[in-house]
Amino acid sequence: MSPDGNREGRIPLPSVDQALAMVLGRVVARSPRAHVLADALGLVLARDALADLDMPPFDKALVDGYAARSSDLEAGDRRLVLGELLPAGATPSRGLGDREAAVIMTGAPLPLGADVVVMHERTHRSGDFVVIDEPSIKPGQNILRRGREARAGDVVVERGRELTPARLGVLASFGCPRVMATPRPEVVVVPTGDELVEPDSAPGPGQIRNSGSTMLTALAVQAGARARALEIAPDRPEALRAALERGLDADLLIVTGGVSAGQRDLVPASLEALGVECVFHKVRIKPGKPIWFGVARPRGDRPGTLVFGLPGNPVGSLVGFLVFARPALWLLAGRPGNAFARSSARLEGPFSHRGDRPTYFPAVLTTTSTPPVARPLEWAGSADLRRAAEADGFLAFEAGDRDYAAGEIVPFLPMG
Ligand code: AMP
Ligand code: MG
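Residues numbered from 1 in each chain as written. Chains lettered and ligands numbered in written order. Predicted model: local features only at pLDDT ≥ 70, side-chain atom pairs only at ≥ 80, totals over all residues. Heavy atoms only, no water.

Student: For the overall build of the protein chain, give the residues involved together with the corresponding values.
Tutor: For the protein chain, the count of helices and strands is seven helices and 28 strands. For a compact globule of 416 residues, the expected C-alpha radius of gyration is about 22 Å, and the protein chain comes in at 31 Å, more than 25% above that figure. Seen along its three principal axes, the alpha-carbon backbone of the protein chain occupies a region of about 95 × 55 × 45 Å. Counting all 416 residues of the protein chain, 47% fall into the buried class. (Helix = DSSP H or I, 4+ residues; strand = E, 2+ residues; numbered from the N terminus. Rg over C-alpha atoms; globule rule 2.2 N^0.38 Å. Buried < 20%, exposed > 50% of the residue type's maximum accessible area, 1.4 Å probe, protein only.)

Structure (structure tokens):
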């Protein structure tokens, strides 16, 4: 078998771009359904949301002060008769009288005839009058006209938009307490390996703690999914198959470990025995070459679960997730899948890359410029999660031995 060949050694391994295209080509976004606004943060809106009323619904005061008629103030006399009191929530009982000013609060509707609001601080009282001290009064000042924000029937949030806190506020104010949005993808993580113990245990001889489940469920949540991990599956065919079968309820299943070519690497065969179609096994990438991707059979009207077999090595699974599973989750959630496709960074210093595979190398960003400047970390390779955890992302060096100069621009895969 060639070092970069598949099991037969004849067909070259797919590149990252080819493999990602194969993944994205198999993703079907989840079907939209109704959500109350409290459950919709971060979801993608599936239908345009329309205003059910003009906003504001009336000409409204933007400051506390006096609603007046600007023409009354054109001549020298700055005194106006005190009129009606209009707190927010009140409706004027009548229009403004001659040379009259209504006492108005922020948010209250203007009385008919008023075309300015003068700030309280720019006036003073004199008996039954208010004296306008502000020298130049401009018609329309301190007033938000009816419909200035939106008219009834206007699209206030377009379909395809992510529901941010501010957009949820817009939906609340325009009479959309429930919206059609693409639901969060459901992710299940199945950790495999006889050597693994859970984080609350002290590892015995030869054992290590399962960090993968914690990290990968958190990555999935960060990518907008709902995620849970199943218990550690052993390297035994029947038990492994039972665990994997439970994971096939999800929209996306991540299996860690057991995907290389070792005698105990039972994951690919177990998945295939469960009817999961292998799309690729191994990619030209470092870390994380032994990466498996497949698609389970559709269930009823639900598309088949997308299944990723990621390497057990923590940084291999981190990079595998960021490169392949995260864009798949974005597409499942109704977003574009290639959000970081064109990110890049400028090398802070020279860097020598050696290796026959494209390499994702952890780096910190040291500026906020465009592109940012990146400094590769001292890193011990794919088992060194501790150093990689300090990175802002990964510099993607191309395959082949090459000395990069300071200032060269290199593709960059952001962590978050
Ligand atoms: P594997 O991909 O199963 O050959 O595992 C590669 C390396 O990653 C081995 O050193 C495993 O012990 C380690 N490993 C596998 N699964 C996990 C996990 N869930 N958390 C941390 N390390 C793991
Ligand atoms: Mg293993």
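Picking up where we left off.
Student: Quick one: what's the story with the pattern of salt bridges, residue by residue and with numbers?
Tutor: Within this structure, the stated rule accounts for 20 salt bridges. Among the salt bridges present, the one from Arg-26 reaches Glu-277, with a minimum N-O distance of 2.9 Å. Remark: Glu-277 occurs in strand E19 (residues 277-281) and Arg-26 occurs in the loop between helix H1 (16-24) and strand E1 (33-36); sequence separation between them is 251 residues. Taking relative accessible area as the criterion, Glu-277 reaches 40% and is therefore assigned partly exposed. Glu-348 is the partner of Arg-375 in a salt bridge, and the nearest nitrogen-oxygen pair spans 2.8 Å. Here the residue Arg-375 occupies a position in strand E25 (residues 373-376), and Glu-348 occupies one in the loop between strand E22 (344-347) and strand E23 (351-353), the gap between them amounting to 27 residues. Owing to a relative accessible area of 39%, Arg-375 belongs among the partly exposed residues under this scheme. Given a relative accessible area of 38%, Glu-348 falls into the partly exposed group. (Salt bridge = Lys/Arg side-chain N within 4 Å of Asp/Glu carboxyl O.)

Student: Run through H1, naming residues and quoting values.
Tutor: Taken together, the buried positions of H1 are Val-16, Ala-19, Leu-20 and Val-23. With its buried residues spanning 100 degrees around the axis, H1 presents them on a single face. Away from the buried face of H1 by more than 90 degrees, exposed residues Asp-17 and Ala-21 are located. Summarising the contacts, the buried residues of H1 are in contact with E19, strand E20 (292-295), strand E21 (306-310), helix H6 (314-332) and strand E24 (359-365). (Arc of directions from axis to C-beta. Contact = heavy atoms within 4.5 Å.)

Student: Describe in detail the site of ligand 1, supporting the description with residues and values.
Tutor: Looking at ligand 1, there are 14 residues lining it, with Glu-195, Asn-210, Gly-258, Gly-312 and Asn-313 nearest. Residue Gly-212 places a main-chain N or O atom 3.2 Å away from a nitrogen atom belonging to ligand 1. Protein coverage of the free-state accessible area of ligand 1, which is 490 Å², stands at 77%. (Near = heavy atom within 4 Å. Polar contact = N/O pair within 3.5 Å; in protein donor to acceptor, adjacent residues only side chain to side chain. Areas by Shrake-Rupley, 256 points an atom, 1.4 Å probe, with all protein chains shown as cover.)

Student: I'd like to hear about helix H4 (residues 237-247), residue by residue, with values.
Tutor: Buried within H4 we find Leu-240, Ala-243, Leu-244 and Gly-247. Burial along H4 is one-sided: seen end-on, the buried residues are contained in an arc of 100 degrees.

Student: Explain the pairing of E22 to me, using residue names and the numbers behind them.
Tutor: Every other side chain in a regular strand lies on the same face of the sheet, so the side chains alternate between the two faces. Summarising the sheet, E22 and strand E28 (residues 409-414) pair through three bridges and their orientation is antiparallel. Bridge pairing in E28 places Ala-345 opposite Val-410. In this sheet, E25 lies alongside E22 in parallel orientation, the contact comprising two bridges. Considered in E25, the bridge of Leu-347 is made with Ala-374. (Pairing = 2+ DSSP bridges.)

Student: Provide a residue-level description of the pairing of E28, including the pertinent values.
Tutor: When strand E26 (residues 393-397) meets E28, the two strands line up antiparallel, connected through three bridges. From the neighbouring strand, Phe-394 faces E28, where its bridge partner is Leu-413.

Student: Residues and numbers for the packing of H1 against H6, please.
Tutor: Any two packed helices are characterised by the angle at which their axes cross and by the distance between the axes. At their nearest, the axes of H1 and H6 sit 10 Å apart, and the two run at 30 degrees to each other. The pairing of H1 with H6 is recorded here as roughly parallel in orientation. Crossing of H1 over H6 shows right-handed handedness. Along its contact with H1, which presents Val-16, Ala-19, Leu-20, Val-23 and Leu-24, the element H6 presents Val-323, Phe-324, Pro-327, Ala-328 and Leu-331. (Axes fitted to C-alpha atoms, helices over the stretch in contact; angles between N-to-C directions. Parallel < 35°, antiparallel > 145°, perpendicular 65-115°, else oblique. Left-handed = near helix turned anticlockwise from the far one by under 90°.)

Student: Help me get a handle on the environment of Thr-123, residues and values and all.
Tutor: Take Thr-123: it is sitting in strand E9 (residues 123-126). A distance of 2.7 Å separates a polar atom in the side chain of Thr-123 from the backbone oxygen of His-120.

Student: Got a sec to walk through the sheet that holds E22? Specific residues and values, please.
Tutor: On the basis of which strands lie adjacent, the closed barrel formed by five strands has the order E22-E25-E24-E26-E28 and mixed pairing. Adjacent strand axes in the sheet meet at a mean angle of 55 degrees, parallel and antiparallel pairs treated alike. The strands that H6 touches are E24, E26 and E28; relative to E28, the one it contacts most, it runs at about 90 degrees.

Keep in mind these numbers describe shape, not what the thing actually does.
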